[in-house]
Amino acid sequence: MHAHLNTQYGDPVWPLAPMTENPGASKQTINWANCPAMFQDEIRLAARNLINGHLRPTFLQERGSRMRSRLGADGTGEAVRRWMRLASWLEGRGISSLAECGTAVLHAYGLHLLETAGNRDSHQKILDSLTRLWAFDQLNARPNGIGRPPWDEVGADDCLPPASASLSEICFCG
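Rules used throughout
Residues numbered from 1 in each chain as written. Predicted model: local features only at pLDDT ≥ 70, side-chain atom pairs only at ≥ 80, totals over all residues. Heavy atoms only, no water. Helix = DSSP H or I, 4+ residues; strand = E, 2+ residues; numbered from the N terminus. Buried < 20%, exposed > 50% of the residue type's maximum accessible area, 1.4 Å probe, protein only. Contact = heavy atoms within 4.5 Å. Areas by Shrake-Rupley, 256 points an atom, 1.4 Å probe, with all protein chains shown as cover. Core = buried A, V, L, I, M, F, W, Y, C linked by side-chain atoms within 4.5 Å. Phe/Tyr/Trp six-rings, centres within 6.5 Å; stacked < 30°, edge-to-face > 60°. Lys NZ or Arg CZ within 6 Å of the ring centre and 35° of its normal. pLDDT = per-residue confidence, 0-100. Polar contact = N/O pair within 3.5 Å; in protein donor to acceptor, adjacent residues only side chain to side chain. Axes fitted to C-alpha atoms, helices over the stretch in contact; angles between N-to-C directions. Parallel < 35°, antiparallel > 145°, perpendicular 65-115°, else oblique. Expected span 1.5 Å × (residues − 1).

1. Regarding the overall build of the protein chain
No. 1: Along the protein chain, the regular secondary structure elements total 6 helices and 2 strands.
No. 2: Along the protein chain, helices and strands appear, N-terminal first, in the series β-β-α-α-α-α-α-α.
No. 3: For the protein chain, buried positions account for 43% of its 174 residues.
No. 4: Within the protein chain, counting contacts between residues at least 6 apart in sequence, those at least 24 apart form 62% of the total.
No. 5: Carbon and sulfur atoms form 51% of the exposed surface of the protein chain, whose accessible area is close to 9,200 Å².

2. Notes on the nonpolar core
No. 1: Ranked by size, the top nonpolar core spans 42 residues in total, and within it W32, V80, W83 and L86 carry the most contacts.
No. 2: Elements with a minimum of two residues in this core: helix 1 (40-52), helix 2 (57-62), helix 3 (73-92), helix 4 (103-113) and helix 5 (120-139).
No. 3: With 9 residues, the single largest contributor to this core is helix 3.

3. Side note on the packing of aromatic side chains
No. 1: A full pass over the atoms with the stated rule returns 4 aromatic pairs.
No. 2: By way of ring pairs, the aromatic residues Y9, W14 and W32 are connected into one cluster.
No. 3: Sitting over the face of the ring of Y9, R44 holds its NZ or CZ atom 5.9 Å from the ring centroid.
No. 4: Above the face of the F59 ring, R63 is positioned so that its terminal group lies 3.5 Å from the ring centre.

4. Points about the side chain of S97
No. 1: By the secondary structure assignment, S97 is in the loop between helix 3 and helix 4.
No. 2: Once you skip the residues sitting within four places of it in the chain, S97 turns out to touch F39 and E42.

5. Section: the confidence of the model for the protein chain
No. 1: Looking at the protein chain, the pLDDT average stands at 85 and 87% of residues meet or exceed 70.
No. 2: Overall, residues 165-174 carries pLDDT values under 50, and its contacts beyond four positions in sequence, including any with other chains, amount to 15 contacts.

6. Describing the environment of D137
No. 1: Structurally, the position occupied by D137 is in helix 5.
No. 2: Assessed through its relative accessible area of 3%, D137 is described here as buried.
No. 3: Linking D137 and E42, residues 95 residues apart in sequence, is a C-alpha distance of 9.2 Å.
No. 4: There is a polar contact of 2.8 Å between the side chain of D137 and the backbone nitrogen of G145.

7. A closer look at the packing of helix 3 against helix 5
Two quantities define a packed helix pair, namely the angle between the helix axes and the distance between the axes.
No. 1: Where helix 3 contacts helix 5, the axes come no closer than 9 Å and their chain directions differ by 85°. With respect to their mutual orientation, helix 3 and helix 5 come out roughly perpendicular. Only K125, I126, S129, L130, R132 and L133 of helix 5 make contact with helix 3, whose side of the interface consists of A79, R82, W83 and L86.

8. Remarks on helix 3
No. 1: Helix length check: helix 3 (20 residues) gives 29 Å between terminal C-alpha atoms against 28 Å at 1.5 Å per residue, within 8%.
No. 2: Each element contacted by the buried residues of helix 3 is listed here: strand 2 (29-31), helix 1, helix 4 and helix 5.
No. 3: Positioned one or two residues after helix 3, G94 has a phi angle of 80°, which is positive.

Structural data, given as structure tokens:
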């Protein structure tokens, strides 16, 4: 058996190894020092829900086969790091809570992502992670209030690079 100790909620680093029984799996961790302090409580709660919960079947059915109910250790670690990058971007714009991150702010962040390198698939994974953050917030007894990502309602094309374009060919329209 691939035994690991579970972490405590307030620990500065959360090992994700307890999420797998594969001894050859990478030893992912969530390092809370990488999350802006003003967002740590909100992101930490969402991460706890991500690790211990699952998305509702109706939520998944509405989105087709694009998302899974639960993520493995690698997917969980990457999703939380994506949430931390959003939190850093929000902090840089003077936004201090997820409640201040509405649909318009998420759209601006989606457009901001187009300025980063990456292909359509990697951008879609980021957008899916942010949709997952919103979905898990909806499952909280006391939601933080993050807005619904616009790409969840109207599609992600505005925030995705063209299927075969290089970064220099991307149109920055919105």
